[in-house]
Amino acid sequence: MRSRATILALGALVLLLGAARAEQVRLRNGRLLQCEILQDRSDEEFLTVRLFSTGGVFRLRWKDLIREDEDRLRDALGLTPWEETEVPLIPGHEVTFTNGSVDRGLALNPEDAASPLRLKTASGIREYSRTRVGKIAPAEVPITVVYSLDEIYRKYLAEGAPETGLQHKDLADRLMSVGDYPHALEHYRLALEDPDLPEEQGLVVRNRLERVKILVRHHGAVEKRTEIM
């Protein structure tokens, strides 16, 4: 007959396992793992899990997971590769010229045939003689085609300045998608200053903060090298 201490220990283990977040992780070799994700021990190279069946801890290479589970868990842990993040699309225009070339941006006066076409782009406003313009068609274009990074940042702030840690995180994520790493770094740091930021979101923010620090250093070095050249 089991002792009272043994029964209590087993009960505590059951409660512990029940409280842990259960995940199903599917591997490319066909195996299905019932496990707990160990967030603080996972990184860019490995996903660390604890199996519910044995309690054993394993480090899995991301490439060993099926793509759907890899994408889902990377995103949940804040480890989604930024180069795969899509730049948001906004309403704009595609201009086809009489010589067959094409330009994209936001036409400021598409219907004013008596004036040169004014096309807003990230580098400024371009003007084209109407004799060169063949067709102006509405089109979805990346926001970075129409606005500079500073303009995008001001637009995002105008939509609603962040106040909570989660709001700072969301803004930083949006800034990362357009390549505005310095401002993203600032808002990830502000997110971590919020004592009410949920623990699991804090881990995501810390992971992304370390990654954006590298990107800021890298882009700073590239810009400096360009200035020297």
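Presented here is an overview of the structure given in this document. Since the model is a prediction, treat every value here as computed from it, not as a measurement. (Residues numbered from 1 in each chain as written. Predicted model: local features only at pLDDT ≥ 70, side-chain atom pairs only at ≥ 80, totals over all residues. Heavy atoms only, no water.)

Under the counting rule described, the total for this entry stands at one aromatic pair. Between Phe97 and Tyr128, the ring centres sit 4.7 Å apart and the planes meet at 55°, which makes this aromatic pair tilted. With a gap of 31 residues between them, Phe97 in strand E5 (residues 89-97) and Tyr128 in strand E8 (residues 124-128) connect regions that are remote in the sequence. Both residues of the pair, Phe97 and Tyr128, count as buried. We note Arg132 situated over the ring of Phe97; from NZ or CZ to the ring centre the distance is 5.3 Å. Taking NZ or CZ as reference, Arg174 lies 3.8 Å from the ring centre of Tyr156, over its face. (Phe/Tyr/Trp six-rings, centres within 6.5 Å; stacked < 30°, edge-to-face > 60°. Helix = DSSP H or I, 4+ residues; strand = E, 2+ residues; numbered from the N terminus. Buried < 20%, exposed > 50% of the residue type's maximum accessible area, 1.4 Å probe, protein only. Lys NZ or Arg CZ within 6 Å of the ring centre and 35° of its normal.)

A word on the sheet that holds E8. Pairing is antiparallel in the open sheet, where five strands are placed in the order E8-E7-E6-E5-E9. Sheet topology places E8 and strand E9 (133-142) at the edges, where each strand pairs with a single neighbour. Direction aside, neighbouring strands of the sheet carry axes that sit 45° apart on average. When strand E6 (residues 102-107) meets strand E7 (residues 117-121), the two strands line up antiparallel, connected through two bridges. Paired with Leu106 across the bridge in E7 is Lys120. (Pairing = 2+ DSSP bridges. Axes fitted to C-alpha atoms, helices over the stretch in contact; angles between N-to-C directions.)

The next point concerns the nonpolar core. Inside soluble globular proteins, nonpolar side chains tend to come together where they are buried. Of all hydrophobic cores here, the largest spans 22 residues; its most connected members are Ile143, Tyr156, Ala184, Tyr188 and Val212. Contributing elements (two or more residues each) for this core: helix H3 (143-146), helix H4 (149-159), helix H5 (165-178), helix H6 (181-192) and helix H7 (199-228). (Core = buried A, V, L, I, M, F, W, Y, C linked by side-chain atoms within 4.5 Å.)

Further remarks concern the sheet that holds strand E2 (residues 32-37). If you trace the four strands from one edge of the open sheet to the other, you get E1-E2-E3-E4, paired in antiparallel fashion. Here the strands that pair on one side only, and so sit at the sheet edges, are strand E1 (22-26) and strand E4 (57-61). Going across the sheet, the axis of each strand differs from the next one's by a mean of 55°, ignoring polarity. Bridging between E1 and E2 involves five bridges; their strand directions are antiparallel. Note that in E2 the partner of Arg26 across the bridge is Leu32. Relative to E1, helix H2 (residues 67-77) is tilted by about 140°, and along the sheet it contacts E1, E2 and strand E3 (46-51). (Contact = heavy atoms within 4.5 Å.)

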